[in-house]
Amino acid sequence: AQSVSQHNHHVILSEAASLELGCNYSYGGTVNLFWYVQYPGQHLQLLLKYFSGDPLVKGIKGFEAEFIKSKFSFNLRKPSVQWSDTAEYFCAVFMDTGRRALTFGSGTRLQVQP
Amino acid sequence: DAGVIQSPRHEVTEMGQEVTLRCKPISGHNSLFWYRQTMMRGLELLIYFNNNVPIDDSGMPEDRFSAKMPNASFSTLKIQPSEPRDSAVYFCASSWTSGGEDTQYFGPGTRLTVL
């Protein structure tokens, strides 16, 4: 079955540290890829998305992600995190199986310490 | 644009009661999705509609759950009777589906507690 894996469940960083969150999916067909962020008590907000073209995509708030097709990965990066980046991050994949729905990873809780 | 609107934001009810969650999608969007978020299972799709028609309800847990979309601007998710294990945050999302490149936008969610 198709699945999305986020191996880092809880990450703790100090401000100004660099961030990389892993996302891998298991599906050999065409995919659209998304990262969503959920701040405490709030709803999911779109950080960035990849449909086609340049595999390095830039999103809001200084985040970027790189699609590596050969590795079935879409890792999220930020060069220097801030305390306000404390949130839960979800990778989501749309797979062209005919089922028009996102498959979400289990999420990574990021805690940034001042 | 007001974004996806959900009501109520919080609902506390007793086991056995009927619960109705409401969603207004973004104007112009033609697809609507209901998700449930729990600590144990994460985010899981319950059902989605395209052009007001239910397309995939394979994620609906059991017959106690039902969803309707009577028009393009309104959807409901009903649980009858509710059980404590239904306690979760229920999100509604909408998108404009065309050519496969659609982006889902989420509402603020309804936090349901069944006592």
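Just so you know, these numbers come straight off a predicted model, no measurement behind them.

1. Remarks on the overall build of chain B
- When its secondary structure is counted, chain B shows zero helices and 11 strands.
- Taken over the C-alpha trace, chain B has a radius of gyration of 13 Å; the compact-globule value for 115 residues is 13 Å, and the two agree within 12%.
- Projecting the C-alpha coordinates of chain B onto the three principal axes gives extents of approximately 40 × 30 × 25 Å.
- Across the 115 residues that make up chain B, the buried fraction comes to 50%.
- Of all intrachain contacts in chain B linking residues separated by at least 6 positions in sequence, the fraction that spans at least 24 positions is 54%.
- Per element, the accessible surface of chain B, about 5600 Å² overall, is 50% carbon and sulfur.
- Taken as two groups, the 10 positive and 13 negative side-chain charges of chain B have centres that lie 5 Å from each other.

2. Some words on the pairing of strand β2 (residues 10-14) of chain A
All names here are of chain A.
- Only one face of β2 is buried, namely the one carrying V11 and L13, since none of H10, I12 and S14 on the opposite face is buried.
- Pairing analysis gives five bridges linking β2 to strand β12 (residues 108-113), with the strands arranged parallel. Within the sheet, the bridge partner assigned to L13 lies in β12 and is V112.

What counts as what
Residues numbered from 1 in each chain as written. Chains lettered and ligands numbered in written order. Predicted model: local features only at pLDDT ≥ 70, side-chain atom pairs only at ≥ 80, totals over all residues. Heavy atoms only, no water. Helix = DSSP H or I, 4+ residues; strand = E, 2+ residues; numbered from the N terminus. Rg over C-alpha atoms; globule rule 2.2 N^0.38 Å. Buried < 20%, exposed > 50% of the residue type's maximum accessible area, 1.4 Å probe, protein only. Contact = heavy atoms within 4.5 Å. Areas by Shrake-Rupley, 256 points an atom, 1.4 Å probe, with all protein chains shown as cover. Lys, Arg positive; Asp, Glu negative; His and termini not counted. Charge placed at Lys NZ, Arg CZ, Asp CG, Glu CD. Pairing = 2+ DSSP bridges.

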